[in-house]
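Examining the three-dimensional arrangement
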Amino acid sequence: MNKRISMLFTIAAVAVIGATLFGSTYTQTQISGQSLDTSKMDVNVIEQIHQMGGLQLVMPEAFAVTDCGALAETGRKVVEFNLTGESVTLPIMGGKTYNAMTFSGEVPGPTLRVTQGDVVKMTLTIPADEVTGHGNDMHASQMSAGNFESVNPGETSQYCYIAESAGIFKYHCSGVHLIGMDQHVLSGMYGIAIVDPVNGYKKLAVEKTSVSNGKVSIDRQIYDADALEFTLQYNQLYLTPEGNYDAGAMFQHHNTATVVNGMQFGYVPNMVHNLLVKGDPGKNIFVAQPWNGLELKQYQSQPLFVENGQHVRLFVENQGNEPVFFHIVGEILDRVTQGNRVQSGATETWMLGGSQGMIVDLVFDEPGAYAAVNHDYAAIYTGAATVFVAGDPFGLNPRLVDAGVIPAPVPSYAYALGNPSNAVPPMGMNSIAHPALNVHGLYTDEVASEKIANGALPLWDIVPTLPPIP
Ligand SMILES: [Cu+2]
């Protein structure tokens, strides 16, 4: 049986099962897909259709066209997105490791960033020594599932699509003949595509109030569309004590960890921040600091640094099986966008179901440390707490200047320590460049070396060379 026929057989089988289960809902004609009975149709309507030139089956362009050659000649920008499928061993909290499956050695996989209307040329390569086949389904595409085929070790596969809709979209391991998609995705084979709106992002309006002669009035503050951007991807791990995927735990929704960008508590302070703030690397300034120590290299936790009064844009995706109740302790989400439609403003919490994303725009007004959480206590305590530090809440500027770490006071610690490389998406049309990036993320040493070659700071090498902080 060839591939296409076997797929049609599968669809027919599903239809028959559906008909059996739902009895009267399906007629035999619907199941077998036989011709319309025109004798029962309105004759005038048929005549009208005839006069209009007849019915024609029209498919949206992005759905119909997957021919990379044809799409390359449409005059659209073609963006190549190359991934490899690799099983690797990566650390988990508590000093253990687990058997991860990755796109290109990273969890989450590399972030794709394009502009609405671009052609994405997606190429998946599976190394010959990889233990299993993999696939790739990008939710930013609109193509028949038949295009997402399993790619075997030693093979390369490609598909093309037009990114027609703006927003944040999941991609994940998936293939028509791929068994164990749940294992692959929940072991790390997921990522996002950001599709910037063709006309750019909108300015951000934040409502404040002012008082004059005892009367309160609205004082609307407008921020430019350009923003400092981060990505936060939520997921769970379902592991046996040996670090293998536990399907039984998954089916019972008994996760063993909640991860943000692949790690539990990956964005909290570490010993360097302890030293800066408390003068002692051993005195923790956050309740849980599991990735604490220069020897952890790229896995050492790193907070996210922003300026006060700065437009911040977060691309948030729920990659997992459990809902995410996204909330930032001490802040209000100034704007929530899904697709490119604004869903809410001035919101305390916004919920994401599985495989759902959003863009959160906000401004941190006051200096301080703010925890972005999944406001489900089980998720918070198992890893879904991410620390943003806005401005200079610890008064470190004079000490950092005295030590020669920075030449003059800075509006955020990112100027001294950088922001974690795996939380920062590629630059888009309204991105503010981060002052610096540090090498941080759940990825292999090979990937870490690539990040260093591209200018990200290996803090584990740099920090010991800094003059002592007075
Ligand atoms: Cu896979």
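Residues numbered from 1 in each chain as written. Predicted model: local features only at pLDDT ≥ 70, side-chain atom pairs only at ≥ 80, totals over all residues. Heavy atoms only, no water.

1. A closer look at the overall build of the chain
Stated formally: To qualify as a helix, a DSSP run of H or I must reach at least 4 residues; to qualify as a strand, a run of E must reach at least 2; elements of each kind are numbered from the N terminus. Contacts are assigned to residue pairs with any non-hydrogen atoms lying within 4.5 Å of each other. Here the accessible surface of atoms and residues is derived via Shrake-Rupley with a 1.4 Å probe, and residues count as covered only by protein chains that are part of the display.
Tallying secondary structure elements over the chain gives 13 helices and 26 strands in all. Sequence-distant contacts in the chain: of pairs separated by 6 or more residues, those separated by 24 or more amount to 67%. Of the roughly 22,200 Å² that the chain leaves accessible, carbon and sulfur atoms contribute 55%.

2. A closer look at the sheet that holds strand E14 (residues 304-306)
To be explicit about the condition: Criterion used throughout: strands pair if DSSP finds at least two bridges between them. Lines fitted to the C-alpha atoms define the axes, with helices restricted to the stretch that makes contact. Angles between their N-to-C directions range from 0 to 180 degrees.
Sheet architecture is open: five strands sit in the order E14-E22-E21-E16-E19, paired in mixed fashion. Bordering the open sheet on either side are E14 and strand E19 (349-352), each of which pairs with just one other strand. With direction set aside, neighbouring strand axes in the sheet form an average angle of 25 degrees. The pairing of E14 with strand E22 (residues 385-390) spans three bridges and is classified as parallel. Each residue of the ladder has a partner; that of Leu304, found in E22, is Phe388.

3. Here's the deal with the side chain of Glu307
As a reminder of what qualifies: The definition of a polar contact used here is a pair of N or O atoms within 3.5 Å, where within protein one atom must be able to donate a hydrogen and the other to accept one, and adjacent residues in sequence count solely through side-chain atom pairs.
Considering the arrangement of structural elements, one finds Glu307 in the loop between E14 and strand E15 (311-318). Here Tyr415 takes part through its side chain, which lies 2.8 Å from a polar atom of the side chain of Glu307. Excluding anything up to four places from it in sequence, Glu307 contacts Phe364, Gly391, Pro411, Ser412 and Tyr415.

4. Considering the state of the cysteines
Stated precisely, the cut-off is as follows: In plain terms, two cysteine sulfur atoms within 2.5 Å form what is called a disulfide here.
Under the definition given, this model contains one disulfide. At a sulfur-sulfur separation of 2.0 Å, the disulfide partner of Cys68 is Cys160. The sign of the 105 degrees torsion about the S-S bond sets the Cys68-Cys160 disulfide as right-handed. On the criterion of sequence distance, the pair formed by Cys68 in helix H5 (residues 68-72) and Cys160 in strand E7 (residues 156-162) is long-range, its members being 92 residues apart.

5. What about the nonpolar core?
This is how the line gets drawn: We call a set of buried Ala, Val, Leu, Ile, Met, Phe, Trp, Tyr and Cys residues a nonpolar core when their side-chain atoms join them within 4.5 Å. Relative accessibility under 20% of the residue-type maximum defines a buried residue, over 50% an exposed one, and the middle range a partly exposed one, all with a 1.4 Å probe and only protein chains included.
Within the largest apolar cluster, 29 residues are counted, with the highest numbers of intra-cluster contacts made by Phe230, Leu314, Phe326, Ile328, Phe364 and Phe388. The element best represented in this core is strand E12 (residues 227-237), accounting for four residues. Core analysis: the next-biggest nonpolar cluster, separate from the first, contains 26 residues, Leu124, Val151, Tyr159 and Tyr171 among them.

6. Concerning helix H8 (residues 271-278)
All of the buried residues in H8 are Val272, His273, Asn274 and Leu276. At its buried positions, H8 is contacted by E14, helix H10 (397-402) and helix H11 (414-417). Two or three places before Val272, at the start of H8, stands the capping residue Asn270, its side-chain oxygen 2.7 Å from that residue's backbone nitrogen. Among the residues trailing H8, Gly279 stands out with phi positive, at a value near 75 degrees.

7. Comments concerning the pattern of salt bridges
Filter applied, for reference: Each reported salt bridge corresponds to a side-chain nitrogen of Lys or Arg within 4 Å of a carboxyl oxygen of Asp or Glu.
Counted by the stated rule, this structure contains nine salt bridges. Here Glu106 makes a salt bridge to Lys451, at a shortest N to O gap of 3.6 Å. With Glu106 in strand E3 (residues 106-107) and Lys451 in helix H12 (residues 445-453), this pair connects stretches of sequence that are 345 residues apart. Two residues, Glu207 and Arg220, come together in a salt bridge whose shortest N-O distance is 3.0 Å. Taken together, the residues span a long stretch of sequence, with Glu207 in strand E10 (residues 204-212) and Arg220 in strand E11 (residues 215-223) at a distance of 13 residues. Salt bridges here are not isolated pairs; linked through shared partners, they connect Arg113, Asp196, Glu229, Arg313, Arg335 and Asp361.

8. A short note on the coordination of the copper ion
The following threshold applies: Donors, by definition, are the N, O and S atoms found within 2.8 Å of a metal, the threshold being 3.2 Å for Na, K and Ca, and water is not counted, so a site can look incomplete. All geometry calls rest on donor angles, where a four-donor set with angles between 85 and 135 degrees is tetrahedral, four- and six-donor sets with opposite donors more than 155 degrees apart and all others between 65 and 115 are square planar and octahedral, and all else is irregular.
With distances of 2.0 to 2.6 Å, the protein atoms coordinating the copper ion are His134 (ND1), Cys173 (SG), His184 (ND1) and Met189 (SD). In this structure, the copper ion is coordinated by four donor atoms arranged in irregular fashion, with angles at the metal of 82 to 139 degrees. In the primary sequence, the donor residues of the copper ion line up as H-x38-C-x10-H-x4-M. Met189 matches His184 in its accessibility class, with the two residues each being buried.

9. Examining the pairing of strand E9 (residues 190-196)
Where burial is concerned, most of E9 is hidden: seven out of the seven residues are buried. What you see with E9 is no split at all: Tyr190, Ile192, Ile194 and Asp196 on one side and Gly191, Ala193 and Val195 on the other are buried throughout. Direction of pairing for strand E4 (residues 112-115) relative to E9: parallel, over a ladder of four bridges. Directly across from Leu112, in E9, lies its bridge partner Ala193.

10. A short note on the side chain of Asn422
Note on placement: Asn422 falls in the loop between strand E23 (419-420) and strand E24 (431-432). Side chain to side chain, Asn422 and Tyr267 meet in a polar contact 2.7 Å long. Sequence-distant contacts of Asn422, that is, excluding residues within four places in its chain, are made with Thr231, Asn261, Tyr267, His440, Gly441, Leu442 and Tyr443.

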